[in-house]
Amino acid sequence: MITPLQPTHNLKDSIEQRRAARSFSPAPIPEEILQEIWRLGVRSPSGFNLQPWRFVVVKEQANKERLRACAFDQRQVTEAPVVLICCGDRRVNQTDYIESVIKLGKDAGAINDAFADIMRSSIPSLFKNPPCFDSIEVWTNRHTMLAVAHLMIVAKSFGVDSCPMEGFVSTQVKEAFNIPPEVDVCCLLPMGYAAEPFKLYGGRFPIEQVFYSESFG
Ligand SMILES: Cc1cc2nc3c(=O)[nH]c(=O)nc-3n(C[C@H](O)[C@H](O)[C@H](O)COP(=O)(O)O)c2cc1C
């Protein structure tokens, strides 16, 4: 019997011990751990299960160097054994794509014909008259970053550190990595094993400052 890969950190420790790593050792991440991080990371939720996230997995040193040149020369990009270019795909409103999500749900037994029809009408109108976001880019970014949060916590549960990064020039990354015009780069995520102690914990605002009771403020 194959024993499933088990995390080394529980959920609470993974959350408390995850820090943005600015330096990585060259030690590779075992492929079976990477695959498990990908599998669990994309268990992240999305509206209508549209899953707009796409990830370019960069491991080749020459490509990491090209990416670092688009990322204000931040050294974690070339030090980390794996860097994800985390993208949001705006083509989720296209008919073929919606049909592929319906098929996925039907194959899983989770969607019936009536709900499939609701998806066919509701998804295009969601993006035509967005009720709660300014543009589809905001929507894809919202979902991709949720998946990135999952990835970081799951990675930490397997002892793998990461660094979410918005310090990059999107147009340069898109050109260098063949990313289509309808796809946005939401963040970079170097992953590996931290080589240096993390920066001192910067703290978080107290709960009373960021959670409000019943109405804002
Ligand atoms: C969307 C996003 C973008 C970030 N961009 C960068 C970056 O470009 N370079 C960097 O060194 N850290 C970056 N960080 C890391 C933050 O500085 C770090 O998460 C924050 O200081 C809190 O520290 P902690 O994650 O260790 O708790 C980013 C974090 C987020 C969530």
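Residues numbered from 1 in each chain as written. Predicted model: local features only at pLDDT ≥ 70, side-chain atom pairs only at ≥ 80, totals over all residues. Heavy atoms only, no water.

**Things to note about the overall build of the protein**
A tally of regular secondary structure across the protein gives 9 helices and 5 strands. Counting from the amino terminus, helix and strand elements in the protein follow one another as α-β-α-β-α-α-β-α-α-α-β-α-β-α. Taking the principal axes of the C-alpha coordinates as reference, the protein spans close to 55 × 50 × 45 Å. Within the protein, the proportion of its 217 residues that are buried is 39%. For the protein, restricting intrachain contacts to residue pairs at least 6 apart in sequence, the fraction spanning at least 24 positions comes to 81%. When the accessible surface of the protein is split by element, carbon and sulfur atoms take 56% of a total near 12,600 Å². Within the protein, the 25 negative side-chain charges are centred at a point lying 1 Å from the centre of the 23 positive side-chain charges. (Helix = DSSP H or I, 4+ residues; strand = E, 2+ residues; numbered from the N terminus. Buried < 20%, exposed > 50% of the residue type's maximum accessible area, 1.4 Å probe, protein only. Contact = heavy atoms within 4.5 Å. Areas by Shrake-Rupley, 256 points an atom, 1.4 Å probe, with all protein chains shown as cover. Lys, Arg positive; Asp, Glu negative; His and termini not counted. Charge placed at Lys NZ, Arg CZ, Asp CG, Glu CD.)

**Section: the site of the ligand**
Around the ligand sit Arg18, Arg19, Ala20, Arg22, Gln74, Gln76, Cys163, Pro164, Met165, Glu166, Gly167 and Arg204, and those are all the residues in its vicinity. Residue Gln76 places a side-chain N or O atom 3.3 Å away from an oxygen atom belonging to the ligand. Note that a nitrogen atom of the ligand is positioned 3.0 Å from one of the backbone N or O atoms of Pro164. Surface burial for the ligand is 67%, taken as the share of its 620 Å² of free accessible area covered by protein chains. Split into classes, the residues belonging to the shell around the ligand amount to 4 nonpolar, 3 polar and 5 charged. (Near = heavy atom within 4 Å. Polar contact = N/O pair within 3.5 Å; in protein donor to acceptor, adjacent residues only side chain to side chain. Nonpolar A, V, L, I, M, F, W, Y, C, P; charged D, E, K, R; others polar.)

**What about the state of the cysteines?**
This structure, assessed with the given rule, holds 0 disulfides. We note that Cys70 lacks a disulfide partner, and the nearest cysteine sulfur, in Cys87, lies 12 Å from it. Judged by relative accessible area, Cys70 falls into the buried class, the value being 6%. The thiol of Cys163 is unpaired, and the distance to the nearest cysteine sulfur, on Cys187, comes to 9.5 Å. (Disulfide = S-S within 2.5 Å.)

**Re the packing of aromatic side chains**
A complete count under the given rule lists 3 aromatic pairs for this structure. Between Tyr212 and Phe216, the ring centres sit 4.6 Å apart and the planes meet at 70°, which makes this aromatic pair edge-to-face. Exposure remark for Tyr212: the relative accessible area of 36% places this residue in the partly exposed category. Members of the aromatic cluster, joined through ring pairs, are Phe127, Phe133 and Trp139. The ring of Phe177 has Arg66 sitting right over it, with the charged end atom 4.7 Å from the ring centre. (Phe/Tyr/Trp six-rings, centres within 6.5 Å; stacked < 30°, edge-to-face > 60°. Lys NZ or Arg CZ within 6 Å of the ring centre and 35° of its normal.)

**As for a nonpolar patch on the surface**
Together, Phe205, Ile207, Val210 and Phe211 make up a nonpolar patch on the protein surface, roughly 460 Å² of accessible area in all. By the secondary structure assignment, Phe211 is in the segment after helix 9 (207-210). (Patch = residues over 30% accessible without salt bridge, like charges linked within 9 Å, V, L, I, M, F, W, Y side chains within 5 Å. Salt bridge = Lys/Arg side-chain N within 4 Å of Asp/Glu carboxyl O.)

**Regarding the side chain of Lys64**
Residue position: Lys64 is located in helix 3 (residues 61-69). Put simply, Lys64 is tucked away with no salt bridge, and the nearest opposite charge, on Glu65, sits 8.2 Å away. Separated by 2.7 Å, the side chain of Lys64 and the backbone oxygen of Ala80 make a polar contact. For Lys64, the contacting residues outside a window of four places in its chain are Val58, Lys59, Val77, Thr78, Ala80, Pro81 and Val83.

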